[in-house]
Amino acid sequence: MRKYSLLLVLIIIFSCNSKMRETKDTQIGVEISDKGERLDLNAGEMSTVSIWEKYIDAHNNRDIAAIKSMNAKNIKVYGPRGEFIEGLEAHEEFLKVWFSTNKPKWTPKYYIANNVVNTNGDIEQWVTSSLNLSLVDGDKVLKVVQVNDALIKDGKVQKFYVYERIKQENEE
């Protein structure tokens, strides 16, 4: 009995003296809501980066079936020139034309996983990425730099925004 008492005392002492590791989000910035509220932007889950990487790979492979399988049913795409695509079928039709006309090819530059607790209290997992994009325009190849913001929920791409500019010839 004495051994058990001593063991219990040692467990309590070591438990009380051990440093508790705080699990606090790592803030990497702020998001400003439509109402002007400042929301903490935190480091996100790396699993979302893996999903977005596979999504870009599927685009490079022109694998529309794989893209559709990664999309949410009500996928929303906001293009760089005001395009708005909503739903699986509309996205598929857009991609079929775009793939055959412009033969896009992406080269990733970076992926950043981030999350934000929105004004409803829900955690949104986002991936911000930068990609070099090559497009065929007739007999010319147009080089573009893109930044994408993609919302990933339950392993599916819910929506994404595309921002782009033409890459200058003196850029690497």
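Scroll up for the structure.
Fair warning: this is a prediction, and the values are worked out from it, not measured in the lab.

Reading the values: the criteria
- Residues numbered from 1 in each chain as written.
- Predicted model: local features only at pLDDT ≥ 70, side-chain atom pairs only at ≥ 80, totals over all residues.
- Heavy atoms only, no water.
- Helix = DSSP H or I, 4+ residues; strand = E, 2+ residues; numbered from the N terminus.
- Buried < 20%, exposed > 50% of the residue type's maximum accessible area, 1.4 Å probe, protein only.
- Contact = heavy atoms within 4.5 Å.
- Salt bridge = Lys/Arg side-chain N within 4 Å of Asp/Glu carboxyl O.
- Pairing = 2+ DSSP bridges.
- Axes fitted to C-alpha atoms, helices over the stretch in contact; angles between N-to-C directions.

### Here we look at the overall build of the protein
Step number 1: A tally of regular secondary structure across the protein gives four helices and eight strands.
Step number 2: Put simply, the protein has 172 residues, and 35% of those count as buried.
Step number 3: Considering only contacts in the protein between residues 6 or more positions apart, those separated by 24 or more positions represent 48%.

### Remarks on the pattern of salt bridges
For side chains bearing opposite charge, pairing can occur when the charged atoms are close.
Step number 1: A complete count under the given rule lists seven salt bridges for this structure.
Step number 2: Note that Glu92 and Lys68 form a salt bridge whose closest N and O atoms lie 3.0 Å from each other. Residue Glu92 is found in helix 4 (residues 88–102), and its partner Lys68 is found in helix 3 (residues 64–70); the two are separated by 24 residues along the sequence.
Step number 3: The exposure class of Glu92 is buried, given its relative accessible area of 17%.
Step number 4: Between Glu171 and Arg165 there is a salt bridge, and its shortest N-O distance comes to 2.9 Å.
Step number 5: Accessibility expressed as a relative area gives 30% for Glu171, which makes it partly exposed.

### As for the sheet that holds strand 8 (residues 156–166)
Step number 1: Taken together, the eight strands give an open sheet; going across it, the order is 1-2-5-6-7-8-3-4, and neighbouring strands pair in mixed fashion. Each edge of the sheet is formed by a strand with only one pairing partner; in this case those strands are strand 1 (27–32) and strand 4 (84–86). Strand-to-strand twist across the sheet, computed as the mean angle between neighbouring axes with direction ignored, equals 25°.
Step number 2: Across three bridges, the pairing between strand 2 (residues 38–43) and strand 5 (residues 105–117) is antiparallel. Opposite Leu41, over in strand 5, you have Val116 as the bridge partner.
Step number 3: In the packing of helix 2 (residues 46–60) onto the sheet, the strands contacted are strand 3 (71–78), strand 5, strand 6 (123–137), strand 7 (140–153) and strand 8, and the crossing angle to strand 5 comes to about 150°.
Step number 4: Contacting strand 3, strand 4, strand 5, strand 6 and strand 8, helix 4 crosses the sheet at an angle of about 55° to strand 3.

### Things to note about the environment of Val157
Step number 1: For Val157, the position within the fold is in strand 8.
Step number 2: For Val157, the contacting residues outside a window of four places in its chain are Ile51, Trp52, Tyr55, Met70, Asn71, Ala72, Ile75, Leu151 and Ile152.

### A look at the environment of Gly138
Step number 1: Considering the arrangement of structural elements, one finds Gly138 in the loop between strand 6 and strand 7.
Step number 2: For Gly138, a relative accessible area of 66% translates into the label exposed.
Step number 3: Gly138 sits 36 residues away from Asn102 along the chain, and the two C-alpha atoms are 8.4 Å apart.

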